Amino acid sequence: MSLMSRGKGPHSGHEGQAIAVENIVKKYGDFEAVKGVTFDVKEGEIFGLLGPNGAGKSTLIRMMTTLIPITSGKAFIAGYDVSENADAARRTMGVIPQAMTSDIDLTIEENMSIYAKLYGVPKAERERNINELLEAVDLTKWRDAQVKTLSGGMRRRAEIARGLVHNPRIFFLDEPTTGLDPVSRVAVWEMLNTLKSRRQLTILITTHYMDEADRLCDRIAIVDHGNLVALDTPMALKMSVPGNNVVEAQFVHAPEGWVEKLKALPGVESVQDQGGHMFRLLTSTGSQTTTGLVELAVQDGVEIKTLMVQNTSLDDVFVHYTGRQLRDEQVKALGYVMPPRPGMQP
Ligand SMILES: Nc1ncnc2c1ncn2[C@@H]1O[C@H](COP(=O)(O)OP(=O)(O)OP(=O)(O)O)[C@@H](O)[C@H]1O
Ligand SMILES: [Mg+2]
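Here's a quick rundown of the structure. Quick caveat: nothing in here was measured; it's all calculated off a predicted structure.

Rules used throughout
Residues numbered from 1 in each chain as written. Chains lettered and ligands numbered in written order. Predicted model: local features only at pLDDT ≥ 70, side-chain atom pairs only at ≥ 80, totals over all residues. Heavy atoms only, no water. Near = heavy atom within 4 Å. Polar contact = N/O pair within 3.5 Å; in protein donor to acceptor, adjacent residues only side chain to side chain. Areas by Shrake-Rupley, 256 points an atom, 1.4 Å probe, with all protein chains shown as cover. Helix = DSSP H or I, 4+ residues; strand = E, 2+ residues; numbered from the N terminus. Buried < 20%, exposed > 50% of the residue type's maximum accessible area, 1.4 Å probe, protein only. Pairing = 2+ DSSP bridges. Salt bridge = Lys/Arg side-chain N within 4 Å of Asp/Glu carboxyl O.

### Focus: the site of ligand 1
In the region of ligand 1, 15 residues are neighbours, and Asn53, Gly54, Lys57, Ser58 and Thr59 sit closest. In the model, an oxygen atom of ligand 1 is placed 3.1 Å from a nitrogen or oxygen of the Ala55 main chain. Note that an oxygen atom of ligand 1 is positioned 2.8 Å from one of the side-chain N or O atoms of Ser58. Considering ligand 1 on its own, with 640 Å² of exposed area, one finds that the protein chains cover 70% of that surface. When residues of the shell around ligand 1 are traced back to their parent elements, those giving at least two are strand S2 (31–42) and helix H1 (57–64).

Put into structure tokens, the structure is as follows:
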């Protein structure tokens, strides 16, 4: 490859990769919001970017999507270097920023149409695409409704449809489900999954909902204070955290000395009596503990009412890598009260 062509075309040594980020840095004055992050996203992947408020997720997305300049390092989207070939890169990507960006006085269809025109989508294709997308996000009936009359969930779905109106291959979504009720969150994810398979999309998404990320992302990157602190499949991330399966059992009655017997089961590290004959066992081997517990109950004639074995959750992973729990309200409050300053660990 000649020097001239380096980074100009979609063949910059990143074939098969939708996104490649190399040692990317963002500085605001002296403050480093992103401190040299490297990762890549394969074509067709759903890639989750997780991190507490102020971690640098939106800054990363803004750099990858050409909205702000990169201080140093490189980002390639569909093989195009975003710093050298921003227009070509932009045509391959759809972006739903963290803040809503629809014009609320216009209808859903008008919003989509303006966007499509901006991207130079020809009229016939524009109409077909708008129809298809509105159907995919279940808003066909609402196409002529002003955006301001819609619920939060519907607005989000309308934005998703708008973000795809120029047929991008790579879709960036910054917290598309924040603030939505659980039913609307599920609806948004179902739609993303449908659109992903229909349109062969690669998706990079940020969320504060661990359960969503766990179920829906192929791989997850955790960022904290501008650094990448973990990157793997949800399963591998959970396995990387020192063993803490949880076995929760409720009994019809609990005889004298029951806690001690539970503590003696294989793998058990601690037992919490939660009242109502309900016990929570932290264990290094959920399966052996469960087997032991059932045997013990049969032996002692204690009836089991409910029994639940849980793997380590992504919440545990998050706490392990960032030292913080990602409860939305709690973290949001922290982010605003103490914005991280240079050299300061909040
Ligand atoms: N324009 C700016 N000027 C100065 N600092 C900024 C600017 N934009 C972002 N920052 C800082 O960069 C850091 C990363 O911000 P960013 O918005 O990327 O975080 P985030 O991970 O998206 O957080 P959230 O979960 O709250 O959306 C924060 O400390 C933020 O205050
Ligand atoms: Mg953000």
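### Focus on the environment of His277
Relative to the assigned elements, His277 resides in the loop between strand S12 (268–273) and strand S13 (278–283). Judged by relative accessible area, which is 35%, His277 ranks as partly exposed.

### Overview of the pairing of strand S1 (residues 17–28)
Of the strand pairs in this sheet, S1 and S2 are connected by nine bridges, and their pairing is antiparallel. Across the sheet, Val25 pairs through a bridge with Lys35, a residue of S2. Where S1 hands over to S2, the hairpin turn is made up of two residues, of which Gly29 adopts a positive phi near 60 degrees. Taken together, the five bridges between S1 and strand S4 (residues 72–77) define a ladder with antiparallel strand orientation. Residue pairing for S4: Glu22 is matched across the bridge by Lys74.

### Digging into the pattern of salt bridges
With the rule as written, the count across this model stands at 14 salt bridges. Close ionic contact of Glu159 with Arg156 constitutes a salt bridge, the shortest N to O distance being 3.3 Å. Pair noted here: Glu159 and Arg156 are both in helix H5 (residues 152–163), with a separation of three residues, about one helical turn. Between Lys261 and Asp300 there is a salt bridge; the shortest N-O distance is 2.6 Å. With a gap of 39 residues between them, Lys261 in helix H9 (residues 258–263) and Asp300 in helix H10 (residues 286–300) connect regions that are remote in the sequence. Among the residues examined, Asp300 registers a relative accessible area of 30% and is labelled partly exposed. What emerges from the salt-bridge pattern is a single network uniting Lys74, Asp81 and Glu84.

So far we have only geometry, and geometry alone does not tell us how the molecule works.
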